[in-house]
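This is what each chain is made of:
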Amino acid sequence: MSERTVTIGLLGCGTVGSAVVRALHERGDDIAMRAGCRLQVTRIAVRDPDRDRDVPVPRSVFTTDAVEVVDDPEIDLVCETLGGVEPARAMLLRALASGKSVVTANKELLAVAGGELFEAADAAGRDLFFEASVGGGIPLIRPLKESLAGERVTRLLGIVNGTTNYILTQMSRNGSSFDESLAEAQRLGYAEADPTADIDGSDAAAKCAILASIAFDSGVVAGDVYREGITSITSQDIADADRMGYVVKLLAIAELDDDAISVRVHPAMVPAAHPLAAVHDAFNAVYIEGRSVGQLMLFGPGAGGDPTATAVVGDLVAAARNRLTGGRAMGHTRTVDRRIRPMSDTNGQYYINLHVADRPGVLAEIAGDFGHNGVSIERVWQEGFGDEATLVFITHRALEGALQKTLQELRESPTVRSVASVLRVEGEEP
Ligand SMILES: NC(=O)c1ccc[n+]([C@@H]2O[C@H](COP(=O)([O-])OP(=O)(O)OC[C@H]3O[C@@H](n4cnc5c(N)ncnc54)[C@H](OP(=O)(O)O)[C@@H]3O)[C@@H](O)[C@H]2O)c1
C-alpha cells in the first residue's frame with residue numbers, strides 16, 4: 001500500500017524552523033508510523049534564501065515570499081516559526097481561510113491576536129495548534145486543554161522565562177549582582193543582545209495570557225496581565241530571602257476566584273520546599289492546582305531549537321492525522337466572558353524591609369500604619385542597630401490595594417528612612 005504524504009509549508013527557518021526540518025528528516029520513519037503518513041516540508045519562506053542553514057532540503061525549496069507558500073495548492077499544512085505579530089498573523093489567517101490547518105510557536109502572536117485566530121480556525125473548521133508557544137519543549141497546552149478537560153483548574157504558577165530564571169539562579173548561587181548575571185546569561189547565549197522582553201516580564205506576560213485563556217476558557221490577552229520585571233531585584237533581596245527559607249523567582253500567576261481572573265507576572269519569594277524553588281537555570285515549569293487533581297507540575301526545557309521543535313512536530317503530527325481522518329482537535333477555548341480582576345483587588349502575602357530610625361515607639365507607629373489599612377502582620381523582627389536598623393515584616397494575606405496604601409504612608413512617615421525592599425510571597429509549602 002502506498003504511503004500517504006502530508007505536505008508542509010514552513011514560514012521561517014531559524015532556530016526553531018531549522019530544528020523542525022531536521023527532526024522530520026532524522027526521525028521521519030518513526031513520525032510516519034505514528035502519524036499514519038509521511039510529513040514532508042516542500043516550501044520554506046525566509047528573509048535571506050542564500051543563508052547557510054544546515055537543513056537537509058534543496059535550495060529550490062526556499063523563497064522570500066511567504067504568500068507564495070501559504071497559497072500553494074500543493075501544501076496541506078502551514079507551520080509558522082517567524083516570530084512577531086506581522087506578517088505571521090496575516091499569513092495564518094490566509095492559510096486558515098484557504099482550508100489549511102496551522103501550527104505556530106509564536107507566543108507574541110497568540111497573546112495579541114489569539115482570539116481572531118481561534119475564530120478563523122473555527123470558521124474554517126481547521127486546527128490551530130500552538131504547543132511550542134509556552135514552555136518550549138514542555139507539553140503544556142495539550143495537557144491543560146485536553147487531559148485536564150474534566151478538571152476545574154483554580155491556579156497556575158509558572159516559571160515561563162528561562163532567561164530570567166537563569167539570572168535569578170546565578171544571583172542566588174554566586175551572590176552576583178543583576179547586571180553581572182545578565183552579562184553572564186548573554187555570554188552563554190541564554191539572553192538576547194536586547195533582553196528587554198525577558199527582564200521586564202513581557203515575554204512571561206504573553207505566556208501567562210495564553211495559559212490563563214486555556215485554563216479558564218476565557219479570552220485573556222497580554223495587556224490584561226499585570227507585570228513587573230526583575231531589574232530591581234538586588235543580591236540583598238536574594239540573600240534575605242535565602243536566610244528566611246525562600247527563593248526568589250519570576251512567576252507568571254493565573255488564578256480563577258469568584259468567577260474573576262487574576263493574571264500577573266512579578267518576582268516573588270517562594271518557600272524553598274515548594275517544587276518551583278527547585279527549578280533552576282534556564283528550565284521552565286508550570287505548577288497547576290485543580291479542585292480534584294490537587295497539584296501537578298510540568299517541568300522541562302523552556303526554549304532551544306531541538307526541544308521546541310519536539311513540540312512543533314507533535315502538533316504537525318496531530319494536524320496531519322486530523323487532515324487524513326477529517327477530524328479536528330478541540331477548537332475555540334474562549335467561551336466564557338470572565339472579569340479580569342484589577343491588581344489592587346488581588347490578595348497576597350508580602351515581605352517588606354524598612355530602614356527606620358532606631359528609637360523607642362517606632363515599631364508601634366509603623367504597626368499602626370499597617371493596622372489602619374487592614375494589613376495584618378504575621379512576623380516582624382529587627383536587624384542591626386542605630387542608623388543601620390532595619391525592620392523586616394511578613395504580612396498575612398492582604399489586599400494589594402491596602403498594601404500599596406500602607407507603603408505610601410510608610411514612605412511619607414518621618415520614622416521610616418526608606419522602604420528598602422518589597423517582595424510578594426507566593427506558593428504555600430505543599
Ligand atoms: N528559539 C526558541 O528557543 C523558541 C522557543 C519557543 C518558541 N519560540 C518561538 O518560535 C518563533 C521562532 O523563533 P526562532 O528563535 O526560531 O527565531 P529566528 O531564529 O529569528 O528565526 C526566524 C525565521 O523567520 C524568518 N523570517 C522572519 N521574518 C520573515 C519574513 N517577513 N518573511 C520571511 N521570513 C521571515 C527568518 O529568516 P532569515 O533566516 O532569512 O533571517 C528566520 O528564518 C518565535 O515566535 C519564538 O517566540 C522560540
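Relevant structure appears above.
Residues numbered from 1 in each chain as written. Predicted model: local features only at pLDDT ≥ 70, side-chain atom pairs only at ≥ 80, totals over all residues. Heavy atoms only, no water.

Attention now goes to the site of the ligand. Among the 22 residues in the neighbourhood of the ligand, the closest are listed as Val 16, Asp 48, Arg 51, Arg 53 and Gly 304. Between the ligand and the protein, one listed contact pairs an oxygen atom with a side-chain N or O atom of Arg 51 at 2.6 Å. A distance of 2.7 Å separates an oxygen atom of the ligand from a polar atom in the backbone of Gly 304. Within the complex, 78% of the 900 Å² of free accessible area of the ligand lies under protein. Counted by class, the shell around the ligand contains nine nonpolar, eight polar and five charged residues. (Near = heavy atom within 4 Å. Polar contact = N/O pair within 3.5 Å; in protein donor to acceptor, adjacent residues only side chain to side chain. Areas by Shrake-Rupley, 256 points an atom, 1.4 Å probe, with all protein chains shown as cover. Nonpolar A, V, L, I, M, F, W, Y, C, P; charged D, E, K, R; others polar.)

Turning next to unusual backbone geometry. Of note, the amide linkage connecting Glu 86 to Pro 87 takes the cis form, showing an omega dihedral of 5°. Locating Pro 87 in the fold gives a position in the loop between β4 (77–80) and α4 (88–97). The phi dihedral of Asp 54 is positive, around 55°, even though this residue is not glycine. Tracing the chain through its elements places Asp 54 in the loop between β2 (38–45) and β3 (62–63). By relative accessible area, which is 62% here, Asp 54 ends up exposed. The backbone of Asp 281 shows a phi angle near 50°, a positive value even though the residue is not glycine. The topology assignment puts Asp 281 in the loop between β10 (260–271) and β11 (283–290). In this structure Asp 281 comes out as partly exposed when scored by relative accessible area, which is 22%. (Helix = DSSP H or I, 4+ residues; strand = E, 2+ residues; numbered from the N terminus. Buried < 20%, exposed > 50% of the residue type's maximum accessible area, 1.4 Å probe, protein only.)

The next subject is the sheet that holds β2. Pairing is parallel in the open sheet, where six strands are placed in the order β3-β2-β1-β4-β5-β6. Here the strands that pair on one side only, and so sit at the sheet edges, are β3 and β6 (128–129). Judged from the seven bridges that link them, strand β1 (residues 5–11) and β2 form a sheet pairing that is parallel. Considered in β2, the bridge of Leu 11 is made with Ala 45. (Pairing = 2+ DSSP bridges.)

A few words on a nonpolar patch on the surface. Residues Phe 283, Met 297 and Phe 299 make up a contiguous nonpolar surface patch of roughly 260 Å² in combined accessible area. With respect to the helices and strands, Phe 299 occurs in strand β12 (residues 294–301). With a relative accessible area of 44%, Phe 299 lands in the partly exposed category. (Patch = residues over 30% accessible without salt bridge, like charges linked within 9 Å, V, L, I, M, F, W, Y side chains within 5 Å. Salt bridge = Lys/Arg side-chain N within 4 Å of Asp/Glu carboxyl O.)

Here we come to the side chain of Arg 341. Within the secondary structure, Arg 341 sits in the loop between β13 (339–340) and β14 (347–356). Despite being buried, Arg 341 has no salt bridge partner; Asp 257 is the closest side chain of opposite charge, sitting 4.1 Å away. A distance of 2.9 Å separates a polar side-chain atom of Arg 341 from the backbone oxygen of Asp 257. If near-sequence neighbours (up to four positions away) are discounted, Arg 341 is found in contact with Asp 257, Asp 258, Ala 260, Ile 261, Ser 262 and Thr 346. (Lys, Arg positive; Asp, Glu negative; His and termini not counted. Contact = heavy atoms within 4.5 Å.)

Attention now goes to the pairing of strand β5 (residues 101–104). Burial of β5 is two-sided: the residues Ser 101 and Val 103 facing one way and the residues Val 102 and Thr 104 facing the other way are all buried. Relative to β5, β4 runs parallel, the two sharing four bridges. Bridge pairing in β5 places Cys 79 opposite Val 103. Since β4 and β5 lie parallel, the crossover through α4 that links them has a hand, and here it is right-handed. The pairing of β5 with β6 spans two bridges and is classified as parallel. Residue pairing across strands places Val 103 opposite Phe 129, the latter belonging to β6. For the handedness criterion, the β-α-β arrangement of β5, helix α5 (residues 107–124) and β6 is classed as right-handed. (Right-handed = clockwise from strand over helix to strand, strands pointing away.)

Scope: geometric values only; no functional claims are made or implied.
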